[in-house]
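# Structure assessment
The residues making up each chain are set out below.
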Amino acid sequence: MRQHEIDGGTRKAVFSPVDNRARVDAVVRRIGDAIELGLLADGEQLPGETELAGQLGVSTVTLREALMALRQQGLVTTRRGRGGGSFVSLPEVPADDRLKARLRGWSTDELRDLGDHWAALSGAAARLAAERTEPEELHPLRRTAEDLAQAGDAGARSRLYGRFHVELAAAAQSARLTREQVELQSEVGALLCLVLADDAYREEVAERHRAVISAVQDGAHESAGTLAERCVRDATARLVAVRLSL
């Protein structure tokens, strides 16, 4: 799998058919999560309504309702006339008080359970990537790790953290793992702003991500899996600590 195919794997997961249940909400979450993660670039034009509805497996009516909801959330803008269409609008950093209110909606047991699931996904992805991916195919992961090391605000850091784990699943050449990682970010992604605002932790996470990449590159699948799991478990533990302080 070449570099552009890894990037394509994440995008394919974004635009794959959504679940039959609550399809408008599913489309809103799928595209919204991709925008929050930076998988869709600020200002990027989305596919036309007919094409996008077909890719997501929904009707154009459902898609239009979802796009309306995304516009209300400030995640999409629509331009009329020649050269018009729907365009990605990257959200600003979520306010701490809104994030803390969202975190209060989670019990510590629920956060730990989510962390277990996330660690299992990332660990499996890292192990598979170490077995299946060639060293020269790891550019997206390296780029994201270095972008995280340089990111100045908590919002960008949380998006890059989540993107790293999505790209790790894509490097594992697993469409299902990639989709699950994208969906999981809707539950926990933005909350990481509450722990990644700390510069020292940002640097620690960047080093952890580099270590995962090195293990994947070396084909050390067990080491890669363990490192990825530890990275996620540490982030979850920090979120639990914040929750306990509220």
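Computed from a predicted model, the values in this text were never measured in an experiment.

### A look at the packing of helix α3 (residues 49–56) against helix α4 (residues 60–72)
- The contact between α3 and α4 brings their axes to 9 Å, and the two run at 100 degrees. Taken together, α3 and α4 sit at an angle that is classed as roughly perpendicular. Contacts between α3 and α4 involve Glu49, Thr50, Leu52, Ala53 and Leu56 on the former and, on the latter, Thr60, Leu63, Arg64 and Leu67.
- The residue makeup of the contact of α3 with α4, split by class, is five nonpolar, two polar and two charged.

### So, unusual backbone geometry
- Despite not being glycine, Gln173 shows a phi value in the positive range, around 60 degrees.
- For Gln173, a relative accessible area of 37% translates into the label partly exposed.

### With respect to the nonpolar core
- Among the nonpolar cores identified, the biggest contains 50 residues, and Tyr161, Leu168 and Leu192 are the most heavily contacted of them.
- Elements with a contribution of two residues or more to this core: α5 (96–104), α6 (108–132), α7 (139–150), α8 (154–171), α9 (175–188), α10 (193–196), α11 (199–217) and α12 (221–245).
- Apart from residues no more than four positions distant in its own chain, Leu168 is found in contact with Ser122, Ala125, Ala126, Ala129, Leu141, Val212, Val216 and Ala228.
- Among the nonpolar cores identified, the runner-up in size contains 23 residues, and Ala34, Leu46, Leu70 and Val182 belong to it.

### Remarks on α7
- For α7, built from twelve residues, the straight-helix expectation of 16 Å at 1.5 Å per residue is met to within 8% by its first-to-last C-alpha distance of 17 Å.
- Every buried residue belonging to α7 is among Pro140, Leu141, Thr144, Ala145, Leu148 and Ala149, and all of these are buried.

### Some words on the environment of Leu191
- Counting through the fold element by element, Leu191 comes out in the loop between α9 and α10.
- For Leu191, a relative accessible area of 0% gives the class buried.
- Considered as a pair, Leu191 and Ser122 are 69 residues apart in the sequence and their alpha carbons are 18 Å apart.
- Setting aside chain neighbours within four positions, we find Leu191 in contact with Leu99, Arg102, Leu103, Trp106 and Leu239.

### With respect to the packing of α8 against α11
- Here α8 crosses α11 at 15 degrees, and the two axes come no closer than 12 Å. What the angle tells us is that α8 and α11 run roughly parallel. The handedness of the crossing between α8 and α11 is left-handed. In this structure, α8 contributes Arg157, Tyr161, Phe164, His165 and Leu168 to the contact, and α11 contributes Asp199, Arg202, Val205, His209, Val212, Ile213 and Val216.
- Partitioned by chemical class, the residues of the contact of α8 with α11 number seven nonpolar, two polar and three charged.

### Let's talk about the environment of Gly84
- Inspection of the secondary structure assignment puts Gly84 in the loop between β1 (76–79) and β2 (85–88).
- Distance in space between the C-alpha atoms of Gly84 and Gln45 is 8.9 Å, their sequence separation being 39 residues.
- Leaving out residues up to four positions away in the same chain, Gly84 has contacts with Gln45 and Arg79.

### Side note on the pairing of β1
- One ladder, built from four bridges, connects β1 with β2; its direction is antiparallel. Bridging across to β2, Thr77 finds its partner in Phe87.

### Thoughts on the packing of aromatic side chains
- Scanning all chains against the criterion turns up one aromatic pair.
- Between the NZ or CZ atom of Arg79 and the centre of the ring of Phe87, over which it lies, the distance is 3.8 Å.
- The positively charged end of Arg238 is found above the aromatic ring belonging to Tyr201, 3.8 Å away from the centroid.

### What about the confidence of the model for the protein?
- Per-chain confidence: the protein averages 88 in pLDDT, with 91% of residues scoring 70 or above.
- For the protein, the element scoring lowest by mean pLDDT is helix α1 (residues 3–14), at 62; α12 scores highest, at 97.
- A low-confidence stretch, residues 1–5 (pLDDT under 50), is modelled with nine contacts involving residues beyond four sequence positions or located in other chains.

### Looking at the pattern of salt bridges
- According to the stated counting rule, one finds 13 salt bridges in the structure shown.
- Between Asp109 and Arg112 there is a salt bridge, and its shortest N-O distance comes to 3.8 Å. Taken as a pair, Asp109 and Arg112 lie in helix α6 at a separation of three residues, close to a single helical turn.
- For Arg112, a relative accessible area of 41% corresponds to the partly exposed category.
- Here the salt bridges share partners, and the residues they tie into one network are Glu204, Arg208, Asp234 and Arg238.

The rules behind each value
- Residues numbered from 1 in each chain as written.
- Predicted model: local features only at pLDDT ≥ 70, side-chain atom pairs only at ≥ 80, totals over all residues.
- Heavy atoms only, no water.
- Axes fitted to C-alpha atoms, helices over the stretch in contact; angles between N-to-C directions.
- Helix = DSSP H or I, 4+ residues; strand = E, 2+ residues; numbered from the N terminus.
- Parallel < 35°, antiparallel > 145°, perpendicular 65-115°, else oblique.
- Contact = heavy atoms within 4.5 Å.
- Nonpolar A, V, L, I, M, F, W, Y, C, P; charged D, E, K, R; others polar.
- Buried < 20%, exposed > 50% of the residue type's maximum accessible area, 1.4 Å probe, protein only.
- Core = buried A, V, L, I, M, F, W, Y, C linked by side-chain atoms within 4.5 Å.
- Expected span 1.5 Å × (residues − 1).
- Left-handed = near helix turned anticlockwise from the far one by under 90°.
- Pairing = 2+ DSSP bridges.
- Phe/Tyr/Trp six-rings, centres within 6.5 Å; stacked < 30°, edge-to-face > 60°.
- Lys NZ or Arg CZ within 6 Å of the ring centre and 35° of its normal.
- pLDDT = per-residue confidence, 0-100.
- Salt bridge = Lys/Arg side-chain N within 4 Å of Asp/Glu carboxyl O.

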